[in-house]
Amino acid sequence: MTAAATPLRVGLIGYGLAGSVFHAPLIAAAEGLALDTVVTSNPERQAQAKAEFPGVRTVAGPDELFDRAAELDLVVIASPNKTHVPLATTALKAGLPVVVDKPVAGTAAEARELAALADERGLLLSVFQNRRWDNDFLTLRSLLDEGALGDPWRFESRFERWRPQPKGGWRESGDPAEIGGLLYDLGSHVVDQALVLFGPATEVYAESVIRRAGAETDDDTFIAVTHANGVRSHLYASATTAQLGPRFRVLGSKAGYVKYGLDPQEDALRKGERPGTAAAWGQEPESLYGRVGAGESPVTGGGRTVQTLPGDYPAYYAAVAKALRGEGPNPVTALEAAAALDVLEAARRSARDKVTVTL
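About the thresholds
- Residues numbered from 1 in each chain as written.
- Predicted model: local features only at pLDDT ≥ 70, side-chain atom pairs only at ≥ 80, totals over all residues.
- Heavy atoms only, no water.
- UniProt positions renumbered as here; feature names shortened; annotations may be inferred.
- Helix = DSSP H or I, 4+ residues; strand = E, 2+ residues; numbered from the N terminus.
- Rg over C-alpha atoms; globule rule 2.2 N^0.38 Å.
- Buried < 20%, exposed > 50% of the residue type's maximum accessible area, 1.4 Å probe, protein only.
- Contact = heavy atoms within 4.5 Å.
- Lys, Arg positive; Asp, Glu negative; His and termini not counted.
- Charge placed at Lys NZ, Arg CZ, Asp CG, Glu CD.
- Pairing = 2+ DSSP bridges.
- Axes fitted to C-alpha atoms, helices over the stretch in contact; angles between N-to-C directions.
- 1 Å grid on protein atoms, 1.4 Å probe; cavity = no way out; pocket = protein on both sides within 12 Å on 5 of 7 lines; lining within 4 Å.
- Points joined across faces, edges and corners; volume = space filled by probe spheres on them.
- Nonpolar A, V, L, I, M, F, W, Y, C, P; charged D, E, K, R; others polar.

Named according to an unreviewed UniProt entry, the chain is Gfo/Idh/MocA family oxidoreductase originating from Streptomyces sp. 900105755. The chain has a UniProt comment under Sequence similarities (unreviewed entry) that states "Belongs to the Gfo/Idh/MocA family."

Asker: So what exactly am I meant to see when it comes to the overall build of the chain here?
Answerer: Along the chain, the regular secondary structure elements total ten helices and 15 strands. Its C-alpha atoms give the chain a radius of gyration of 20 Å, within 12% of the compact-globule value 21 Å for 359 residues. For the chain, the C-alpha atoms occupy an extent of roughly 60 × 45 × 40 Å along the three principal directions. Relative to its 359 residues, the chain shows a buried fraction of 54%. Residue pairs in contact within the chain that sit at least 24 positions apart in sequence constitute 71% of those at least 6 positions apart. Computed over 37 positive and 45 negative side-chain charges, the inter-centroid distance for the chain is 2 Å.

Asker: Honestly, the sheet that holds strand β12 (residues 256-259) in this entry has me stumped. Any pointers?
Answerer: The strands making up a sheet associate through backbone hydrogen bonding, with each pair oriented either parallel or antiparallel. Judged by pairing direction, the sheet is mixed, and its nine strands sit side by side in the order β14-β13-β12-β11-β7-β10-β9-β8-β15 without closing on themselves. Here the strands that pair on one side only, and so sit at the sheet edges, are β14 (304-306) and β15 (357-358). Against the sheet, helix α7 (residues 186-198) makes contact with β7 (152-160), β8 (201-209), β9 (220-227), β10 (232-238) and β11 (248-252), and its axis sits at roughly 160° relative to β7, the strand it touches most.

Asker: What is the right way to look at the side chain of Thr 58 in this model?
Answerer: Along the polypeptide, Thr 58 turns up in strand β3 (residues 57-59). The buried category is assigned to Thr 58, whose relative accessible area is 17%. Those residues in contact with Thr 58 that sit more than four places away from it in its chain are Val 38, Gln 46, Ala 49 and Lys 50.

Asker: Help me understand empty space enclosed by the protein in this model?
Answerer: It is a probe the size of a water molecule, rolled over the atoms, that shows where empty space is left. Per the stated rule, a full pass over the model turns up one cavity of 30 Å³ or more. In this structure, the largest cavity occupies an estimated 50 Å³ of space. In terms of residue class, the lining of the largest cavity is made up of six nonpolar, two polar and no charged.

Asker: Got a minute to help me understand the pairing of β12 in this structure?
Answerer: Regular strands place their side chains on alternate faces of the sheet. By the alternation rule, side chains of β12 split into Gly 256 and Val 258 and Tyr 257 and Lys 259, which are all buried. Sheet topology note: the β11/β12 ladder contains four bridges and is antiparallel. When the sheet's bridge partners are listed, Arg 249 is paired in β12 with Val 258. Hairpin geometry of β11 and β12 is characterised by an intervening segment of three residues between the two adjacent antiparallel strands. Bridge analysis of β12 against strand β13 (residues 290-293) gives three bridges, and the strand direction is antiparallel. Bridging across to β13, Val 258 finds its partner in Arg 291.

Structure, rendered in structure tokens:
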């Protein structure tokens, strides 16, 4: 094997939901990357990692990983949100390129400081915004690119769940230091997608409430974004939705696109299916295809069925590998993530003070 073909060695910090379900399988599936070390202090998770990825090393803490910085080519941070900035800072100062799960930081200012540090060191800093590679998002981008909807006017995006009982844990903690709540969790996805599709935001209005008994942080949030080009995005993130709405409803001057159902890749990863081994990765049944039309509801057969493009989470780490070898761009920059955090911070202020925030 030539030096150019030698897999880049990856250290993964965190082996909870993000690390075990998303990052580890996608790293292992990426050509040019090799999962070298998993950091987790939990003995059961260490055993799980070794069983799922024979030959992987496990260590109990990040310090043990950074002591071996010279043996690694990339660090992936999939630990709790409050650790993202300190761990990314340590990794960059150790000379290691970094991938950080979303949200990269609690504030846009912190994200920009990390971006500046990465630039200063000449290192890759990328943010894992995997839902840019959802099947419905890829399909919508294609429809917009071909002008199927005309001029886009309104983008409705819903990431809704029905979880009437809080699950607990840091994601639902009321401690601001944990950077929990749906605004920064699911909100990170819907805001990022809106900015990718329609560009910079100029105004933000939001409503954010706690509905469930015993819940400590927001579990039902709405964000209205006005983009510089005039498009309005209405974004919903909720754990308290008894009847789920369409994932996307996009209205334009010629037609609209309505799509129900979530991309199947997360469910497949949770079930242990893996890219490259599962047939028809990222594809969904025809019954879930969206419809494009005008003047009639898709529920009553209005419009035409549009085949959903396959989702492609593996594309993210494939792009990271190319970027590390100087063969392509960073798939998601920290400055892009900072722009999304500008919107999330504005949304938090808007909901708190009952005002519209100008960016």
